[in-house]
Amino acid sequence: RRWLGQHFLIDHSVILDALDAAAVTDGDRILEIGPGTGNLTVELVKAGAVITAVEKDRNLADKLRTQYDGDDAVTVHEADFLKWNVAREFEHRGVYPGDAHRAKVVANIPYNITTDILKTLLPMGDTFGDMVFMFQEEVARRLIRQDSGASDYRPMSVRVHYYSEPYYIRPVTASCFDPPPNVESCLVGFRPKPRRELPALRGTEKQFFSFVQACFAQKRKMLKNNLRAVCDDEVIAAALEDLGRDEKTRAQQLTMDEYVRLFNFV
């Protein structure tokens, strides 16, 4: 169903690489978003995982329920993940903040909701450990880049690095899917930080990301011009000096750590 962005993963080697990257072992609790035809689910079961699968397509959800009827290792929810209460479900299953055995996420997700899924899951570092997703190659490269200064550096890149340690796993060709997508794909991983390890802010996280968004408001302008929407020239000059940056610095040149310092200074 094209409106659901369905491209089913059929290459077995990619599925095994996803499990290996997430270090799935016996007894792991796994969140699988968009299990589709269940190719990944089968391998998760073989690895001894306990799976909570969230599938929006009613027909596919029914098939998976029938396939795993009576198997306590697989629970299938027919739901739109973005409207589903993931925190309530995993607290109910015994994964509590601070638990040394955090749950994991392994999923081949529709590319049109990748950003929204990351915004939901990455702040849940006390609940989830390793996360492995199928991503559009271009988007993944932009999100996980360690350096700044590139034209494709975005506020979402700052968000990803604030909440996690992202890493590239492997490319995935279009022939690995049925039907083949029109874009290049890859496996990408994220290691969410427990909340105690998040950078300290002199404000709320919502305020911080609104501040970062304001800094990127007009990418062609220098950072100091965008900052005038939130503070005066004297504060801007002092803040840039504190960072060791000159007045011609642009938003895409700052790293996540520098954005935290800038926010706290301002």
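As the structure is a prediction and not an experimental result, all values here were calculated from the model.

Caption draft 1: Region of the structure containing the domain arrangement of the protein chain. Each domain of the protein chain was delimited in the assignment, giving domain 1 (8–196) and domain 2 (205–265). Each of domain 1 and domain 2 has a C-alpha centre, and the two are 33 Å apart. Each partner contributes to the interface: domain 1 provides 15 residues, whereas domain 2 provides 16 residues. At the junction of domain 1 and domain 2, the tally comes to one salt bridge.

Caption draft 2: How the structure looks around the pattern of salt bridges. Following the criterion strictly, the structure yields 13 salt bridges and no others. Lys46 is paired through a salt bridge with Glu43; the nearest N and O atoms lie 3.4 Å apart. In this pair, Lys46 and Glu43 both sit in helix H2 (residues 39–46), three residues apart, roughly one turn of the helix. A relative accessible area of 63% means that Lys46 is categorised as exposed. Overall, Glu43 belongs to the buried group, its relative accessible area being 10%. Among the ionic pairs, Glu78 bridges to Arg58, the shortest N-O distance being 3.3 Å. In this pair, Glu78 sits in strand S4 (residues 74–78) while Arg58 sits in helix H3 (residues 58–67), placing the two residues 20 residues apart along the sequence. Overall, the relative accessible area of 56% leaves Arg58 in the exposed class.

Caption draft 3: Geometry of the sheet that holds strand S6 (residues 128–136). A sheet is described by the order of its strands in space; here seven strands give the open sequence S4-S3-S2-S5-S6-S9-S7, paired in mixed fashion. Looking at which strands have only one partner, the edges of the open sheet turn out to be S4 and strand S7 (164–172). Adjacent strand axes in the sheet meet at a mean angle of 20 degrees when their direction is disregarded. Where strand S5 (residues 103–107) lies against S6, four bridges are found, and the strand directions are parallel. By the bridge assignment, Ala103 is partnered in S6 with Phe128. Across the sheet, helix H7 (residues 155–163) is in contact with S7 and strand S9 (185–192); its angle to S7 comes to roughly 115 degrees.

Caption draft 4: Structural context of the nonpolar core. Among the nonpolar cores identified, the biggest contains 57 residues, and Leu31, Leu121, Phe133 and Phe135 are the most heavily contacted of them. The residue makeup of this core includes at least three contributed by each of domain 1 (8–196) and domain 2 (205–265). Not counting the four nearest positions on each side in its chain, Phe133 is found in contact with Ile33, Val105, Ala107, Ile109, Ile117, Leu118, Leu121, Cys186, Leu187, Val188 and Phe190. In this structure, Leu9, Ile15, Leu44 and Leu64 belong to the second largest nonpolar core, which totals 28 residues.

Criteria and thresholds
Residues numbered from 1 in each chain as written. Predicted model: local features only at pLDDT ≥ 70, side-chain atom pairs only at ≥ 80, totals over all residues. Heavy atoms only, no water. Domains from an automatic or database assignment. Contact = heavy atoms within 4.5 Å. Salt bridge = Lys/Arg side-chain N within 4 Å of Asp/Glu carboxyl O. Helix = DSSP H or I, 4+ residues; strand = E, 2+ residues; numbered from the N terminus. Buried < 20%, exposed > 50% of the residue type's maximum accessible area, 1.4 Å probe, protein only. Pairing = 2+ DSSP bridges. Axes fitted to C-alpha atoms, helices over the stretch in contact; angles between N-to-C directions. Core = buried A, V, L, I, M, F, W, Y, C linked by side-chain atoms within 4.5 Å.

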